[in-house]
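In case you want the letters, here they are:
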Amino acid sequence: MKQTGRGSLVNRRQFIAANSALGLFFFLGASPLSFAGTEAGKKALGFKHFPNALYAFVWRNWGLVPLGRMAATVNATPKQLGQIARFMGLPSAPKVTDEQWQRSYLTVIRRNWHLLPDAQLQTLMGWDKARMEFTLKEDDFFYIKLGSLKPECAPVLYQQLAEIPVERKHRFLRLLRSAFPKGLPKEQMPYFHFVNELSAPFKKEQWPVPALSAAGFSPRLTYPYFALFGDPLLDPSIDSYPDAYLERLAASGVDSIWMHIVLSKLTPFPWDPSVSEHWEQRLENLQKLSGRARAHGIGIYLYLNEPRHQPEAFYKKHPALRGQGTSLCTSHPGVQRYLENAIAQIVERAPLIAGFFSITASENPTNCWSHGQGGACPRCGPAGPGAVIAALNNVYSRGIRKGYETALAARKIAAAAVPPQLIIWDWGWHNDWVAAIIPRLITTGSLLMSVSEWELDIERGGVTSKIGEYSISAIGPGPRAKRHWKIAGEHGLKTMAKIQANNSWEIGAVPYIPALYNVAAHIDRLRNEGVSGLMLGWTLGGCPSPNLEVVALMGNDKSLSAADAVQQVARRRFGAAAPAITVAWKTFSREFSRFPYHLGVLYMAPLQVGPANLLWDAATRYKATMVGLPYDDVNGWRSIYPIDVFTRLLRELGETFAHIVQQLQTDARKIALPQKERQAVLSEQHIIEAISIHYRSIANQAEFIVLRDRLAEAAADRRKIKDRLAHLLTQEAALANRMATLQIGDSRLGFEASNQYFYTPADLYEKILNCRYLLEEWLPAVAG
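Residues numbered from 1 in each chain as written. Predicted model: local features only at pLDDT ≥ 70, side-chain atom pairs only at ≥ 80, totals over all residues. Heavy atoms only, no water.

## Let's talk about the overall build of the protein chain
Consideration 1: Within the protein chain one finds 30 helices and 12 strands.
Consideration 2: Its C-alpha radius of gyration of 26 Å places the protein chain within 12% of the 28 Å reference for a compact globule of 784 residues.
Consideration 3: Considering only C-alpha atoms, the protein chain reaches an extent of 75 × 65 × 50 Å along its principal axes.
Consideration 4: Accessible surface, the protein chain as shown: approximately 27900 Å² in total, 53% of it carbon and sulfur.
Consideration 5: Placing the 87 positive and 68 negative side-chain charges of the protein chain at their respective mean positions leaves the two points 1 Å apart. (Helix = DSSP H or I, 4+ residues; strand = E, 2+ residues; numbered from the N terminus. Rg over C-alpha atoms; globule rule 2.2 N^0.38 Å. Areas by Shrake-Rupley, 256 points an atom, 1.4 Å probe, with all protein chains shown as cover. Lys, Arg positive; Asp, Glu negative; His and termini not counted. Charge placed at Lys NZ, Arg CZ, Asp CG, Glu CD.)

## Side note on the nonpolar core
Consideration 1: Core analysis: the biggest nonpolar cluster contains 271 residues, and Trp59 and Tyr695 have the highest contact counts within it.
Consideration 2: Ranked by residues supplied to this core, first place goes to helix H28 (residues 675-712) with 14 residues.
Consideration 3: If we ignore the near neighbours within four places in the chain, the residues touching Trp59 are Phe50, Met88, Leu90, Leu176, Phe180, Leu184, Ala762, Tyr765, Glu766 and Leu769. (Core = buried A, V, L, I, M, F, W, Y, C linked by side-chain atoms within 4.5 Å. Buried < 20%, exposed > 50% of the residue type's maximum accessible area, 1.4 Å probe, protein only. Contact = heavy atoms within 4.5 Å.)

## Quick word on the environment of Gly384
Consideration 1: Along the chain, Gly384 falls in helix H18 (residues 380-409).
Consideration 2: As a C-alpha pair, Gly384 and Ile238 span 146 residues in sequence and 44 Å in three-dimensional space.

## Concerning the pairing of strand S4 (residues 355-359)
Consideration 1: Among the 5 residues in S4, 5 count as buried, and that is most of the element.
Consideration 2: Burial along S4 is two-sided: the residues Gly355, Phe357 and Ile359 and Phe356 and Ser358 are all buried.
Consideration 3: Where S4 lies against strand S5 (residues 421-425), 5 bridges are found, and the strand directions are parallel. In the strand pairing of S5, Ile359 is matched with Trp425. (Pairing = 2+ DSSP bridges.)

## Observations regarding helix H3 (residues 53-61)
Consideration 1: Counting buried positions along H3 gives 8 out of 9 residues, so the element sits mostly inside the fold.
Consideration 2: Among all positions of H3, only Leu54, Tyr55, Ala56, Phe57, Val58, Trp59, Arg60 and Asn61 are buried.
Consideration 3: Looking one or two residues past H3, Gly63 carries a phi angle of roughly 85°, positive in sign.

## What to know about the pattern of salt bridges
Pairing is possible between side chains that carry opposite charge, provided their charged atoms lie close to one another.
Consideration 1: The tally for this structure, following the rule as stated, stands at 39 salt bridges.
Consideration 2: The partner of Glu490 in a salt bridge is Lys486, and the shortest N-O contact between them spans 2.7 Å. Of this pair, Glu490 and Lys486 both sit in helix H20 (residues 479-490), 4 residues apart, which is roughly one turn of that helix. Across the pair, Lys486 and Glu490 agree in class, each one exposed.
Consideration 3: Two residues, Glu732 and Lys767, come together in a salt bridge whose shortest N-O distance is 2.7 Å. (Salt bridge = Lys/Arg side-chain N within 4 Å of Asp/Glu carboxyl O.)

## Details of the packing of aromatic side chains
Consideration 1: All told, the structure shown has 46 aromatic pairs when counted by the stated rule.
Consideration 2: An angle of 55° between the planes, with centres 4.9 Å apart, marks the rings of Phe192 and Tyr757 as tilted. With Phe192 in the loop between helix H11 (166-179) and helix H12 (193-199) and Tyr757 in strand S12 (residues 756-757), the pair connects residues that are 565 residues apart, well separated along the chain.
Consideration 3: Residue classification places Tyr757 among the buried positions, given a relative accessible area of 2%.
Consideration 4: Site record: aromatic cluster; members linked through ring pairs are Tyr191, Phe192, Phe194, Tyr225, Phe226, Tyr245, Phe751 and Tyr757.
Consideration 5: When the ring centre of Phe47 is taken as reference, the NZ or CZ atom of Arg60 above it lies at 4.0 Å.
Consideration 6: A cation over an aromatic ring shows up here: Arg480 above the ring of Trp454, its NZ or CZ 4.4 Å from the ring centre. (Phe/Tyr/Trp six-rings, centres within 6.5 Å; stacked < 30°, edge-to-face > 60°. Lys NZ or Arg CZ within 6 Å of the ring centre and 35° of its normal.)

## As for the pairing of strand S9 (residues 494-498)
Two faces make up the sheet, and in a regular strand the side chains alternate between them.
Consideration 1: By the criterion of burial, S9 is predominantly enclosed, with 4 of the 5 residues buried.
Consideration 2: The sheet contact formed by strand S6 (residues 446-451) and S9 spans 5 bridges and is parallel. Within S9, the position partnered with Leu447 by the bridge is Lys494.
Consideration 3: Relative to strand S10 (residues 533-535), S9 runs parallel, the two being bridged by 3 bridges. The residue bridging Ala497 from the neighbouring strand is Leu534, located in S10.
Consideration 4: Once you follow S9 into helix H21 (residues 516-527) and on to S10, the crossover reads as right-handed. (Right-handed = clockwise from strand over helix to strand, strands pointing away.)

## A few points about the sheet that holds S10
Consideration 1: The strand order around the closed barrel formed by 8 strands is S1-S2-S3-S4-S5-S6-S9-S10, and the pairing between neighbours is parallel. Averaged over all pairs of adjacent strands, the angle between strand axes in this sheet comes to 25°, irrespective of strand direction.
Consideration 2: Relative to S6, S5 runs parallel, the two sharing 4 bridges. Bridging from a neighbouring strand, Trp425 pairs with Met449 of S6.
Consideration 3: Lying on the sheet, helix H15 (residues 279-295) is in contact with strand S2 (256-260) and strand S3 (299-304); it crosses S3 at an angle near 135°. (Axes fitted to C-alpha atoms, helices over the stretch in contact; angles between N-to-C directions.)

## Notes on the state of the cysteines
Consideration 1: For the structure shown, the criterion picks out 0 disulfides.
Consideration 2: No disulfide involves Cys368; its sulfur sits 3.7 Å from the nearest other cysteine sulfur, which is in Cys377. (Disulfide = S-S within 2.5 Å.)

## Describing the confidence of the model for the protein chain
When pLDDT is low, close inspection of the predicted coordinates is not appropriate.
Consideration 1: Averaged over every residue, the pLDDT of the protein chain is 91; residues scoring 70 or more account for 93%.
Consideration 2: Predicted confidence is poor over residues 1-38, with pLDDT under 50, and the contacts of this stretch with residues over four places away or in other chains come to 114 contacts. (pLDDT = per-residue confidence, 0-100.)

## Digging into the environment of Met125
Consideration 1: In this structure, Met125 sits in helix H8 (residues 118-125).
Consideration 2: Sequence separation between Met125 and Tyr517 is 392 residues, and the spatial gap between their C-alpha atoms is 44 Å.
Consideration 3: Not counting residues up to four positions away in its chain, the partners in contact with Met125 are Arg69, Trp101, Tyr105, Val108, Ile109 and Met132.

## With respect to unusual backbone geometry
Consideration 1: Residue Pro219 follows Ser218 across a cis peptide bond; omega there is 5°.
Consideration 2: Structurally, Pro219 can be placed in the loop between H12 and strand S1 (220-222).
Consideration 3: Note the cis peptide between Glu306 and Pro307, where omega equals -5°.
Consideration 4: The residue Pro307 is located in the loop between S3 and helix H16 (312-317) in this model.
Consideration 5: For Tyr470, which is not a glycine, the phi torsion comes out positive at approximately 60°.
Consideration 6: Following the sequence through the fold, Tyr470 ends up in the loop between strand S8 (463-466) and H20.

## Concerning the environment of Leu146
Consideration 1: Position of Leu146 among the secondary structure elements: in the loop between helix H10 (142-145) and H11.
Consideration 2: Residues Leu146 and Ala624 lie 478 residues apart in sequence; the distance between their C-alpha atoms is 9.0 Å.
Consideration 3: Filtering out sequence-adjacent residues up to four positions away, Leu146 remains in contact with Ile109, Arg110, Trp113, Leu136, Thr625 and Leu629.

## A short note on the packing of H15 against helix H17 (residues 333-349)
Each pair of packed helices can be described by the angle between their axes along with the distance between the axes.
Consideration 1: Remark: H15 packs on H17, axes separated minimally by 9 Å, with the N-to-C direction vectors making an angle of 50°. By the angle class used here, H15 and H17 are oblique. Listed contacts from H17 to Trp279, Leu283, Leu286 and Gln287 of H15 are Gln345, Ile346 and Arg349.
Consideration 2: A per-class count over the contact of H15 with H17 returns 4 nonpolar, 2 polar and 1 charged. (Parallel < 35°, antiparallel > 145°, perpendicular 65-115°, else oblique. Nonpolar A, V, L, I, M, F, W, Y, C, P; charged D, E, K, R; others polar.)

## Re the packing of H3 against helix H7 (residues 105-112)
Consideration 1: Between H3 and H7, the least distance of the axes is 10 Å, while the angle of their chain directions is 160°. Taken together, H3 and H7 sit at an angle that is classed as roughly antiparallel. Crossing angle aside, the handedness with which H3 passes H7 is right-handed. For the pair H3 and H7, contact is made by Phe57, Arg60 and Asn61 and by Val108, Arg111 and Asn112, respectively.
Consideration 2: A breakdown of the residues in the contact of H3 with H7 according to their chemical character gives 2 nonpolar, 2 polar and 2 charged. (Left-handed = near helix turned anticlockwise from the far one by under 90°.)

## Examining helix H9 (residues 129-138)
Side chains of residues three or four places apart in an α-helix project in the same direction, reflecting 3.6 residues per turn.
Consideration 1: Among all positions of H9, only Met132, Thr135, Leu136, Lys137 and Glu138 are buried.
Consideration 2: Among the structural elements, H7, H8, H10 and S2 are those in contact with the buried residues of H9.
Consideration 3: Its side-chain oxygen at 3.3 Å from the backbone nitrogen of Ala130, Asp128 defines the N-terminal cap of H9.
Consideration 4: Just downstream of H9, Asp140 is the residue with a positive phi angle, here 55°. (Polar contact = N/O pair within 3.5 Å; in protein donor to acceptor, adjacent residues only side chain to side chain.)

What follows is the structure, given as structure tokens:
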């Protein structure tokens, strides 16, 4: 996950004011390199709506973790845990399939982060310490998303059941009956049901997107909707790339997907071969996958954020390789040889890959200048960032060419085969580096990619700022991309735009944001910029959708207007309901442009967990984490926005989207539709409603926290505050309940590839319990 911000920031206020290239990354957790935690010894949060942590453990893991593994973690038997589950009204333990388990490990870690100490968490996962640390570090910087610290948790043991006073159990039963008078729902759509749906064969004529034209955008690159992120090539038993899904992507106009790799896991690491265990298996699986994807018209790009930093112990053995901080020095001839040979080996063994894309000034310290501090390196300091970063990308290019020529000579590919490309992403490059980097780049087989919307000026709710990235509410391209594309064009380098076509961190917990008119307007503008290709999103955005189809139609036919493209997609998907759908999309797109955008809001506010985020009777003192754990850090959530503006904008958006749903329901009832199209309209309503629920819930939560803190300060209007808090808690319980109903019916909701499920129905039901506890026990006591 890319964090946006630049430079070193002293405090949160400076970060919020700066909103530039790398500062947010450093602010969020300093570095993913260490797992000691930034606030070692900080106590985990307690959950007063359960009798004790054992009950919370059973509730949160029931149906997600195999029962035997749960029992082993807390020194219990499955039968004993089953008795606790029945006491809480949970259904019989459902079977957890191997595939479900391997697709939900991040969800399991997140929900136990404040419950289990390290050793018990490793037992629950069935991992050793090394596997846990690899996942926290390499699975899209998951440790950063958890706050770069592990809270101090007491052991959770079955023996603690006997320590619970009887009255506390009785209070919990009363709370449970108050929250769920008819009992907990017993049925739900299986987790990851959408994987089966998208993996099922389909008729291509159902997706009549024209074949990719020579004049169209290419590559059209996205991340697969349900691909595993951390080490996807090691275990092919979980298919992240089913044939039917690849066909659906191609039919939606996608011609490429990208994959996260760690170079030392895919090829031999010359200085420590032990870290490369199973590299042959990974490379063989890549070769098979790239051939299979090509058969469906899909190329595979590999993500290069290399070379990865090394621990201090490495530099005791190889001091000459050290660069700035813990980075390998990419000006060292030995490091350059390693990179060139490793990339060449990949291309030689898997010559059908489409190419690589590089990030050279980003999260990992991949070169001496990657974090802007290379002046201390005796090799890279005098050369300067422009020469160092250009040279690193050129090493990548030479490796690609070397591997391609070797494969060609060995007749592993035909003479007419297209060499793999290198997409050079300027993410994190300082503005004053660009003119020194681009002229030095090898242009053959390369494209320069820029975030299209970066640096757009916006005004939301009277607050002015600039767009960073991850925005569908703002329509690019912006000044930064235009400047960089112009310089690239002057030096014969093709260009690409990185956009968010499907969804963004404005809300990534839905399969797509139905702001189709915004997406279409963005593509219309990019057609006039001369960019060759598009990256359609980061890890979020790989679900076949109307958004992707609009992009494909407009890319293939440059005479097709944005409005005509949207209407074509609506007619194909919704038939006679197309006019009502296009009205809903137009209204949604216009109103979505009022979203209170700021990178601080995107990363810190509960945009992804929405109504599943718990409320607290007192300040937690925890800071919100990047698209991870929002806690009650309302000042972090609102970023540059005054709290009243932040709350008002989200509440107004949520209510407007709710009205769109109501109007769509009214219009759809008047139209005779076949079952398939009626179901498609219902699905569209549910996506818009889910976004409405998330935004209304965040507004409720922000207001609750402000009023909670005011009540604690012995405000004069305690009765008025108490009544408003009761209203907010009642609303939050209702929103959580409705969101659970939507998620039960559509397993895509709440899911994103690099985070897996942000929440499950169990989390939403826990939120209802949480609200009932605050209503019935906390609020009467504190307001009395």
